[in-house]
Amino acid sequence: WFSELGLRWYATPLVSSIDLEIGGLVYTACPFNGWYADTEIVRNLTDAGRYNLTGFVAEKMGVSCSDGFGNLWKDRAALVINEA
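Here's a quick rundown of the structure. (Residues numbered from 1 in each chain as written. Predicted model: local features only at pLDDT ≥ 70, side-chain atom pairs only at ≥ 80, totals over all residues. Heavy atoms only, no water.)

1. Section: the overall build of the chain
Heads up, the condition is: Segments assigned H or I by DSSP are reported as helices when at least four residues long, segments assigned E as strands when at least two residues long, and all are numbered from the N terminus. Residue contacts follow a heavy-atom distance rule, with two residues in contact if any of their heavy atoms lie within 4.5 Å. Note on areas: Shrake-Rupley with a 1.4 Å probe; residue coverage comes only from the protein chains shown.
Secondary structure summary: the chain contains three helices and four strands in total. The order of α-helices and β-strands along the chain, N terminus first, is β-β-β-β-α-α-α. For the chain, restricting intrachain contacts to residue pairs at least 6 apart in sequence, the fraction spanning at least 24 positions comes to 36%. As displayed, the chain has an accessible area near 6,500 Å², and 53% of this comes from carbon and sulfur atoms.

Okay, structure coming up:
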């Protein structure tokens, strides 16, 4: 069911509008690329201000969001997102 969400993620992040200064010269058109850590991807998918998939994934897992375990349901959902 997770693949049915149709989520796509860029393999390599690209950051632009960053100046590169070498030897006193400033290069303004120098793109930078880096890498994603698992924690960054999970945070993007679970943060309320971003994709906010925690509740949806918990529901699909059959985990109650009010099962008396506080926020542990969020941890279980984040773990599944991380494994995916």
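Don't stop here, the text continues.
2. A closer look at the nonpolar core
Inside soluble globular proteins, nonpolar side chains tend to come together where they are buried. Cut-off, in case you're wondering: For our purposes a nonpolar core is just a set of buried Ala, Val, Leu, Ile, Met, Phe, Trp, Tyr and Cys residues, chained together by side-chain atoms within 4.5 Å. Buried, partly exposed and exposed residues are distinguished by accessible area as a fraction of the type maximum, computed with a 1.4 Å probe on protein chains only: under 20%, between the cut-offs, and over 50%, respectively.
Listed in full, the nine residues of the largest apolar core are Val 42, Leu 45, Leu 53, Val 57, Ala 58, Val 63, Trp 73, Ala 77 and Ile 81. Going through the elements one at a time, helix H1 (38-46), helix H2 (54-61) and helix H3 (72-83) are the ones with two or more residues in this core. Broken down by element, the residue count for this core peaks at three residues, all from H3. Not counting residues within four places of it along the chain, the set of residues in contact with Trp 73 comprises Thr 54, Gly 55, Ala 58, Val 63, Ser 64 and Cys 65.

3. Quick word on the pattern of salt bridges
How we decide: Note on definitions: salt bridges are taken to be side-chain nitrogens of Lys or Arg within 4 Å of carboxyl oxygens of Asp or Glu.
Under the criterion given, the structure shown has two salt bridges. Residues Arg 43 and Asp 47 are paired through a salt bridge, measuring 2.9 Å at the closest nitrogen-oxygen approach. Here Arg 50 makes a salt bridge to Asp 47, at a shortest N to O gap of 3.9 Å. Residue classification places Arg 50 among the partly exposed residues on the basis of a relative accessible area of 43%.

4. Description of the packing of H2 against H3
To be explicit about the condition: For helices, the axis comes from a line fit to the C-alpha atoms of the stretch in contact; other axes are also lines fit to C-alpha atoms, and the angle between any two N-to-C directions lies between 0 and 180 degrees. Any angle that falls under 35 degrees is termed roughly parallel, while one over 145 is termed roughly antiparallel, one within 65 to 115 roughly perpendicular, and all others oblique. In this classification, the charged set is Asp, Glu, Lys and Arg, the nonpolar set is Ala, Val, Leu, Ile, Met, Phe, Trp, Tyr, Cys and Pro, and all remaining amino acids, among them Gly, are polar.
Relative orientation of the contacting elements H2 and H3 amounts to 90°, with a least axis distance of 9 Å. The angle between H2 and H3 places the two elements in the roughly perpendicular class. Where H2 approaches H3, its residues Thr 54, Gly 55, Val 57, Ala 58 and Met 61 are matched on the opposing element by Trp 73, Lys 74, Arg 76, Ala 77, Val 80 and Ile 81. Split by residue class, the contact of H2 with H3 holds seven nonpolar, two polar and two charged.

5. Focus on the side chain of Thr 54
Put simply, the rule reads: Polar contacts here mean pairs of N or O atoms no more than 3.5 Å apart (in protein, one a potential hydrogen donor and the other a potential acceptor; neighbouring residues in sequence count only if both atoms are side-chain atoms).
As for its placement among the helices and strands, Thr 54 is situated in helix H2. Only 3.3 Å separates the side chain of Thr 54 from the backbone oxygen of Thr 46, close enough to count as a polar contact. In this structure Thr 54 touches Leu 45, Thr 46, Trp 73, Lys 74 and Ala 77, once residues within four positions along its chain are discounted.

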